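The primary structure of each chain is shown beneath.
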Amino acid sequence: MKTVRLTVAQALVRYLAAQFVTMPDGSRERLFGGVWAIFGHGNVAGLGEALQAAQDVLPTLRAHNEQGMALAATAYAKAHFRRRMMAVSTSIGPGCTNLVTAAAVAHVNRLPMLLLPGDVFISRAPDPVLQQVEDFQDGGVSAVDCLRPVSRYFDRIVVPSQLLTALPRAIATLTDPAQCGPVTLALPQDVQAQAFDWPEAFFAERDIHFRQPPAEPTELAALASLLRQAKRPLIVCGGGVLYSAGGADALRQFAETHGIPVGESQAGKGALAWDHPLLAGSIGVTGSPAANELAAQADLVLAVGSRLQDFTTGSHALYAQATLLSINVNGFDAGKWGGHGLQCDAAVGLAALSAALEGWQADADWTAHSQRLCNGWRRQVDEIVRSPRASLPTYAEAIGAVQASAADSAERDIVVCAAGTLPAELHKLWRTSTPGGYHMEYGFSCMGYEVAGGLGVKMARPEREVIVMVGDGSYLMLNNELATSVMLGHKIIVVLLDNAGYACINRLQQACGGAPFNNMLVDCLHGEHGIPQVDFARNARSLGAEAETVGSVAELLAAMVRARASSRSYLIQLRIDGPQCTPEGGSWWEVGIPEVSEREAVRNARADYEQARQRQRLG
Ligand SMILES: Cc1ncc(C[n+]2csc(CCOP(=O)(O)OP(=O)(O)O)c2C)c(N)n1
Ligand SMILES: [Mg+2]
């Protein structure tokens, strides 16, 4: 057997660079678009040396915070519909623990990312090393173990030959439609540097095939039979539709052929163009009146590629009476909430189901009624984004201005967001004609995802305009990768809507009967200097971006035109109204309200809560 002598780190890098994928346009690309790295001890000597020698095939990128770079990697994979991904390398201590939040984001959202944290010496000779977490009971525990619960596959390479099995398993997990999620390969720093005679064949170029598992005939027949009995069916479109090759087209054909309206989850939005006659818009807690009315009336709900989380199902109270069918590539999801599962790829499953339903359509009255609601909601959105509702501009008006600032916004823009009030507003109001034009991280809803995520999206989609819409709270939590976007020349536009606090949680607090407390800056403990007037534009400029502050919706529109023309990352700051969000639509969300309280408002909220729980689907 022909062998080649390399260190563990050199072998790892060579193997990663040998994995290829075919993109939808037919081009052949490396599976890994690059490796984010912040060096420290535990990765600079071993993996750092190996990466430096491989810059032509696997570029190394430096960010400013490990969470930020892992969020960028997560967003990159999402923007590539899981077909391309990145690796992330850190030092052994805080560098690694900084990954946990981002790994959780990727885990919840089923997104691939390869984490390569350095780890303590296997020899234990220099223990305890700088940054080593010492466990009194277990000699094998290190800081890297904090990534176990948020990794779909975790391995620690304690002898070089383990890479021969660990790497294929890592790639299999990262590229499997059901198992997909973060993979961690812990790399003790002495092992990284060890040499080994590797079989040459291990590094042969490999073209990854993304499987699209077909439907099982018995399950298919059961779903077809249930659908044939339905009169008022509704489709819930989840993120799995976008991750399935051909999923968006299959969904459109299925809906049109059988006359079924579609409500979209946060992850599934964009599969159908905003002006499709059967698109009722967002569904669930942040849903449109059209989709939620249809959900309340439907006798059957067909969820496609959805995790059926509380926001999509109104905490399981929105279509609790309907028969639930679930097409999902993952058995864990397909069987949720008493649903009749069809465990297969979305595109393949929808095509097979459509064939099995030949000649069948939903009640013509239901389809016509649905289309009226869909149309009505589209007209309402036109109004909402143009109508002032407070003395300061509102979220809705800002969204309207961002989209109105380019004639081809629905085709060209990708909006990026994750937490705060904006996810609800964008879910209802953002218009996109292209899968991927709506990039919302609403599985973990991680504040701080926005700017770092926007960078990852731009790296995956350089030809699109990437617009990050973010609240003051999320921006202040993590904004430093704006400097990385400037350094790397990946331009993003950041539209920062400042209402001086955590407005969405302030609203939630009061809806739960609570007093406004510790959310808006004005309601927080503050000292003699009062509430800081944060100058976000200056902050952005200090990081190398262009920036301006605007005072009205008209000014925002004009600034957006300048931002679009800029080649450098660009932040626009606008003061908006805190309380005023879009009241149309929405449904109940379960939040634990105190059973006893001195506050009457809390006692009332508890009574409403107990009533609402009666409507929940059980198990
Ligand atoms: C890391 C993280 N911490 C806390 C939360 C809970 N949370 C969700 S939104 C939010 C406030 C967001 O404030 P901002 O970005 O200013 O949005 P807006 O005021 O427009 O609602 C908080 C604290 C979260 N989602 N993520
Ligand atoms: Mg805010």
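Cut-offs used in this document
Residues numbered from 1 in each chain as written. Chains lettered and ligands numbered in written order. Predicted model: local features only at pLDDT ≥ 70, side-chain atom pairs only at ≥ 80, totals over all residues. Heavy atoms only, no water. Core = buried A, V, L, I, M, F, W, Y, C linked by side-chain atoms within 4.5 Å. Buried < 20%, exposed > 50% of the residue type's maximum accessible area, 1.4 Å probe, protein only. Near = heavy atom within 4 Å. Polar contact = N/O pair within 3.5 Å; in protein donor to acceptor, adjacent residues only side chain to side chain. Areas by Shrake-Rupley, 256 points an atom, 1.4 Å probe, with all protein chains shown as cover. Helix = DSSP H or I, 4+ residues; strand = E, 2+ residues; numbered from the N terminus. Nonpolar A, V, L, I, M, F, W, Y, C, P; charged D, E, K, R; others polar. Pairing = 2+ DSSP bridges. Contact = heavy atoms within 4.5 Å. Axes fitted to C-alpha atoms, helices over the stretch in contact; angles between N-to-C directions. Donors = N, O, S within 2.8 Å, 3.2 Å for Na, K, Ca; no water.

A closer look at the nonpolar core
Of all hydrophobic cores here, the largest spans 92 residues; its most connected members are W36, L251, L302 and L353. V381, I399, M440 and M469 belong to the second largest nonpolar core, which has 57 residues in total.

Some points on the site of ligand 1
Surveying the vicinity of ligand 1 reveals 16 residues, the closest of which are Y395, T421, S445, G473 and G501. Contact between ligand 1 and S474: an oxygen atom at 2.9 Å from a main-chain N or O atom of the residue. Between ligand 1 and G501, the relevant distance is 2.8 Å, taken from an oxygen atom to a main-chain nitrogen or oxygen of the residue. Contact with the protein chains covers 78% of the free accessible surface of ligand 1, which is 590 Å². With four residues, the top contributor of residues to the shell around ligand 1 is helix α20 (residues 472-477). Residues of the shell around ligand 1, tallied by class, amount to seven nonpolar, eight polar and one charged.

Remarks on the sheet that holds strand β3 (residues 28-30)
Here three strands make up an open sheet; going across it, the order is β3-β2-β11 and the pairing mixed. Edge positions in the sheet fall to β3 and β11 (206-207), since each of these pairs with one other strand and no more. Taken strand by strand, helix α1 (residues 8-17) contacts β2 (19-22), β3 and β11, and its axis lies near 15° from that of β2.

As for the coordination of the magnesium ion (ligand 2)
Ligation of the magnesium ion (ligand 2) by protein atoms is provided by D472 (OD), N499 (OD1) and G501 (O), these donors lying 2.1 Å from the ion. Positions of the donor residues of the magnesium ion (ligand 2), expressed as sequence spacing, correspond to D-x26-N-x1-G. Of the two residues, D472 sits in helix α20 while G501 sits in the loop between β21 (493-498) and α22 (503-511), which places them 29 residues apart along the sequence. Across the pair, G501 and D472 agree in class, each one buried.

Regarding the pairing of β21
Of all six residues making up β21, six are buried, and the element is well covered by its neighbours. Side chains I493, V495 and L497 project from β21 onto one buried face, and the interleaved V494, L496 and D498 project onto a second face that is buried too. Relative to β21, strand β20 (residues 465-471) runs parallel, the two being bridged by five bridges. Among the inter-strand pairings, G471 is bridged to a residue of β21, identified as L497. As paired elements, β21 and strand β23 (residues 570-575) share six bridges and run parallel to each other. Along β23, the bridge assignment pairs D498 with R575.

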